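# Structural overview for review
In case you want the letters, here they are:
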Amino acid sequence: FTVMALRSGSPIHFANLAASGQKFYFNGPPTSSYCPLNPSECPTGDETVFSSDYSATTLGLYVEVPGGQQVYIGPDGAMSFTQAHSAYIPENSTQIGWSRVEDSPNYGTLSFEGGLVACPVAGKGYQVFGLLPNIDYDPQCLGFTAATLNATEVGAWQYT
Ligand SMILES: *[C@@H]1O[C@H](CO)[C@@H](O)[C@H](O)[C@H]1NC(C)=O
Ligand SMILES: *[C@@H]1O[C@H](CO)[C@@H](O)[C@H](O)[C@H]1NC(C)=O
C-alpha cells in the first residue's frame, strides 16, 4: 500500500509519503530507489510502497531485495528504514507499534501507537517522526492521518 497525508488546510494535505535516504518525507525528496537488474526487469521504483503482509505490528517496505527492508522509529523519533542487505537498526529504536485498519475496499489508515507527525526540514519539505515519550518535537510539526491505498505491484527492487 502507499501512504498519503490528510491534514486539511496544511501544505501536506494529499502529499504522498516518499522514502529517501533511509527516512520518509512529504513534499520533500522524491522516492529514492535502486535496481541492479536489466531496467526492463525492474519495478518502477518511483513510488513508496509498504508491504501488507506484515504481522506482529511491524512494518516493511514492499521490495524485491532479499531480506527486505524494515521500517522503524529511531531513537530520535525519525521514521526510518533499514538499508538493503542489512538488518542494522540503531539501539533504542522501536520496530513495533504499527497497525492498519481497512476503511473501505482499497483504502485504510496506518497508525503508530504514539502518533505520527510531519516536521518541516529546510529544503526537504516535511519529515515524518513517530511520537515517543521524552522527546521534544518542533512546535511546527503537524499531526496528520496516514491514509493508505492498496497497491498491487512491488514498489522497488530496493529503496535507498
Ligand atoms: C538506550 O536506552 C538506555 C535506557 O534509556 C540508555 O541507558 C542507553 O544509553 C541508550 N543507548 C543509546 C545508544 O542511546
Ligand atoms: C486491500 O488490502 C487489504 C490488506 O492487505 C486486504 O485485506 C484487502 O482485501 C485489499 N483490498 C482489495 C480491494 O484488494
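Since we're looking at a predicted model, the values are computed, not measured.

### Considerations on the site of ligand 2
Neighbouring residues of ligand 2: Ser52, Arg100, Glu102, Pro105, Asn106 and Asn150. Backbone polar atom of Pro105 to a nitrogen atom of ligand 2: 2.7 Å apart, as the coordinates give it. Within the complex, 47% of the 360 Å² of free accessible area of ligand 2 lies under protein. Of the residues belonging to the shell around ligand 2, the class tally is one nonpolar, three polar and two charged.

### Some details on the layout of surface pockets
Computed from the structure, the largest pocket encloses a volume of approximately 160 Å³. Contributing to the lining of the largest pocket are Thr2, Val3, Met4, Asn16, Glu47, Tyr107, Ala147, Thr148, Leu149, Asn150 and Ala151. Elements represented by at least two residues in the lining of the largest pocket include exactly strand 1 (2-6) and strand 13 (145-149). Classifying every residue of the lining of the largest pocket by side-chain character gives six nonpolar, four polar and one charged.

### Let's talk about the packing of aromatic side chains
Applying the stated criterion to the full structure yields six aromatic pairs. Residues Phe26 and Phe144 carry aromatic rings whose centres are separated by 5.1 Å and whose planes lie at 85° to one another, so their mutual orientation is edge-to-face. Of this pair, Phe26 sits in strand 3 (residues 23-26) while Phe144 sits in the loop between strand 12 (142-143) and strand 13; the two residues are 118 residues apart in sequence, bridging distant segments of the chain. Judged by relative accessible area, which is 0%, Phe26 ranks as buried. When the centroid spacing of 5.1 Å and the interplanar angle of 50° are considered together, the rings of Trp98 and Phe112 count as tilted. Taken together, the residues Trp98 in strand 8 (residues 98-104) and Phe112 in strand 9 (residues 107-112) connect sequence positions 14 residues apart. You'll find Trp98 and Phe112 in the same group, each marked buried. Within the aromatic cluster, the residues linked to one another by ring pairs are Phe1, Phe24, Phe50 and Phe81.

Criteria and thresholds
For every chain, the first residue of its written sequence is number 1, and the numbers climb from 1 along that sequence. Throughout, the order in which chains and ligands are written sets their labels, letters from A for the former and numbers from 1 for the latter. Local features are withheld for residues below a pLDDT of 70 in this predicted model, meaning they are given only at 70 or higher, and side-chain atom pairs are given and counted only at 80 or more; totals for whole chains, interfaces and linings count all residues. Water and hydrogen atoms were dropped before computing side-chain values, which therefore reflect all heavy atoms in the structure. Here, proximity means that at least one heavy atom of the residue falls within 4 Å of the molecule or strand. N or O atoms within 3.5 Å of each other form a polar contact, as long as, within protein, one can give a hydrogen and the other can take it, and as long as residues adjacent in sequence are counted only when both atoms are side-chain atoms. For accessible areas, the Shrake-Rupley method is used with a probe of radius 1.4 Å. Any residue's cover is judged against the shown protein chains and nothing else. Residue classes follow a fixed rule: Ala, Val, Leu, Ile, Met, Phe, Trp, Tyr, Cys and Pro count as nonpolar, while Asp, Glu, Lys and Arg count as charged, and any other residue, Gly among them, counts as polar. The distinction between a cavity and a pocket rests on a 1 Å grid over the protein atoms alone: a 1.4 Å probe fits inside a cavity but cannot get out, while a pocket stays open yet meets protein on both sides within 12 Å along at least five of seven lines, and a residue with an atom within 4 Å of a point counts as lining. Grid points are joined across faces, edges and corners, and a volume is the space filled by probe spheres set on the points. By definition, any uninterrupted DSSP run of H or I lasting at least four residues is a helix, any uninterrupted run of E lasting at least two residues is a strand, and each is numbered from the N terminus. Here is the rule: rings of Phe, Tyr and Trp (six-membered ring for Trp) pair when centre to centre is within 6.5 Å. Planes less than 30 degrees apart are stacked, more than 60 are edge-to-face, and the remainder are tilted. For every residue, the accessible area (1.4 Å probe, protein chains only) is compared with the maximum for its type, and the residue is labelled buried under 20%, exposed over 50%, or partly exposed between those bounds.

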